[in-house]
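# Structural characterization, general
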Amino acid sequence: MSMKLMEGKRGLIMGLANDKSIAWGIAQKCAEQGAELAFSYQGDALKKRVAPLAERLGSNIVIECDVAEENSLDRLFEELGQHWDKLDFIVHAIGFSDKEQLRGRYVDTTRDNFAMTMDISVYSFTAVVQRAARMMGPGGAALTLTYYGAERVMPHYNVMGVAKAALEASVRYMAEDLGKDGIRVNAISAGPIKTLAASGIGDFRYILKWNELNSPLRRNVTQEEVGKAAVYLLSDLGSGVTGETHHVDAGYHLVGMKAVDAPDIDAVTGRK
Ligand SMILES: NC(=O)c1ccc[n+]([C@@H]2O[C@H](COP(=O)([O-])OP(=O)(O)OC[C@H]3O[C@@H](n4cnc5c(N)ncnc54)[C@H](O)[C@@H]3O)[C@@H](O)[C@H]2O)c1
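Residues numbered from 1 in each chain as written. Predicted model: local features only at pLDDT ≥ 70, side-chain atom pairs only at ≥ 80, totals over all residues. Heavy atoms only, no water.

## Quick notes on the UniProt feature "active site" (unreviewed entry) in the chain
The UniProt feature table records "active site" (unreviewed entry) at Y147 and Y157. Contact partners of Y147, with chain neighbours within four places excluded, come to M154, Y157, K164, E168, S189, A190, G191, P192 and I207. Take Y157: it is sitting in the loop between β5 (141–146) and α5 (158–179). Its relative accessible area of 7% is what places Y157 among the buried residues. Beyond its immediate sequence surroundings of up to four residues, Y157 is in contact with L102, Y147, G149, K164 and I201. (UniProt positions renumbered as here; feature names shortened; annotations may be inferred. Contact = heavy atoms within 4.5 Å. Helix = DSSP H or I, 4+ residues; strand = E, 2+ residues; numbered from the N terminus. Buried < 20%, exposed > 50% of the residue type's maximum accessible area, 1.4 Å probe, protein only.)

Encoded structure:
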């Protein structure tokens, strides 16, 4: 009899907004492999969307948490502790910045939005891992989501690129801190995927089209493909991997220039 890869593992998924969310692709693949899941959602408005999705994967642990609030994070882990005495993995699929500043120039970013973007998109992962690690033993794993805009300049990504670079550095520092306890910390750098958060990025359609035409696999990736790589990093398959930023982007990160067969495309319409 073949054993499922995540049988007996319990994980908290943070950042599910709807069935387009990357968190949904990850949750589905983890559940398929036998994981037991809990979910956190931001604010009451999202509960009616998240609870039915959780139910589809056999979970009724659905807890409110705004990661910008220390109290809210404390309450989340307190409540989670009432359901489970031990946690095996967490997924952090959360990021935020003022939409108005995800167009135009990075250099015009305001102090307030810089601080807010770093707080929600970077510090929150540290704050979550800090609390989650107390419920984890050896074999524990944490995963966050990043984007190539951390490594190279991407149009419109602006302050989010700076935040993702800091997020990736925090993955490395936490991998060292927690490695001694047998806890692993990794990131997946996902190619562009049409989600609620992505719709805030200027000209996102153009980015999608460009990646489709120029990535080595000549297509975009899906939520499910990110989910499959997450299973590898969160399960025993990834037991020797920590502090890594793993690209799930149809190979786009290795490209230096437009592909020979790719047409130039119109920046406004995204059409060839
Ligand atoms: N979609 C892409 O192209 C892409 C590519 C690479 C990386 N990512 C990253 O993947 C992650 C998930 O985003 P997504 O694309 O699935 O979009 P999404 O809109 O489905 O998910 C973003 C989530 O962040 C949550 N969030 C924002 N502020 C929060 C707060 N203060 N407290 C709690 N939750 C909060 C939202 O509620 C939402 O569930 C993000 O970190 C994003 O930067 C996305």
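Now that the structure has been shown, the text picks up again.
## Points about the site of the ligand
Neighbouring residues of the ligand: 28 residues in total, closest G15, S21, I22, I193 and T195. In the environment of the ligand, an oxygen atom lies 3.2 Å from a nitrogen or oxygen atom belonging to the backbone of I94. Side-chain polar atom of K164 to an oxygen atom of the ligand: 2.9 Å apart, as the coordinates give it. The protein chains hide 93% of the 820 Å² of surface that the ligand would expose on its own. Split into classes, the residues belonging to the shell around the ligand amount to 19 nonpolar, seven polar and two charged. (Near = heavy atom within 4 Å. Polar contact = N/O pair within 3.5 Å; in protein donor to acceptor, adjacent residues only side chain to side chain. Areas by Shrake-Rupley, 256 points an atom, 1.4 Å probe, with all protein chains shown as cover. Nonpolar A, V, L, I, M, F, W, Y, C, P; charged D, E, K, R; others polar.)

## Some thoughts on the side chain of T195
Tracing the sequence through the fold places T195 in the loop between β6 (184–190) and α6 (204–214). Of the residues examined, T195 reaches a relative accessible area of 15% and is grouped as buried. Within the structure, T195 has its side chain in polar contact with the backbone nitrogen of A198 (distance 3.2 Å). With near-sequence residues (within four places) excluded, T195 lies in contact with K20, S21, I22 and Q223.

## Some remarks on the confidence of the model for the chain
Here the chain shows a mean pLDDT of 95. Residues at 70 or above account for 97%. Confidence metrics for the complex model read pTM 0.97 and ipTM 0.99. (pLDDT = per-residue confidence, 0-100.)

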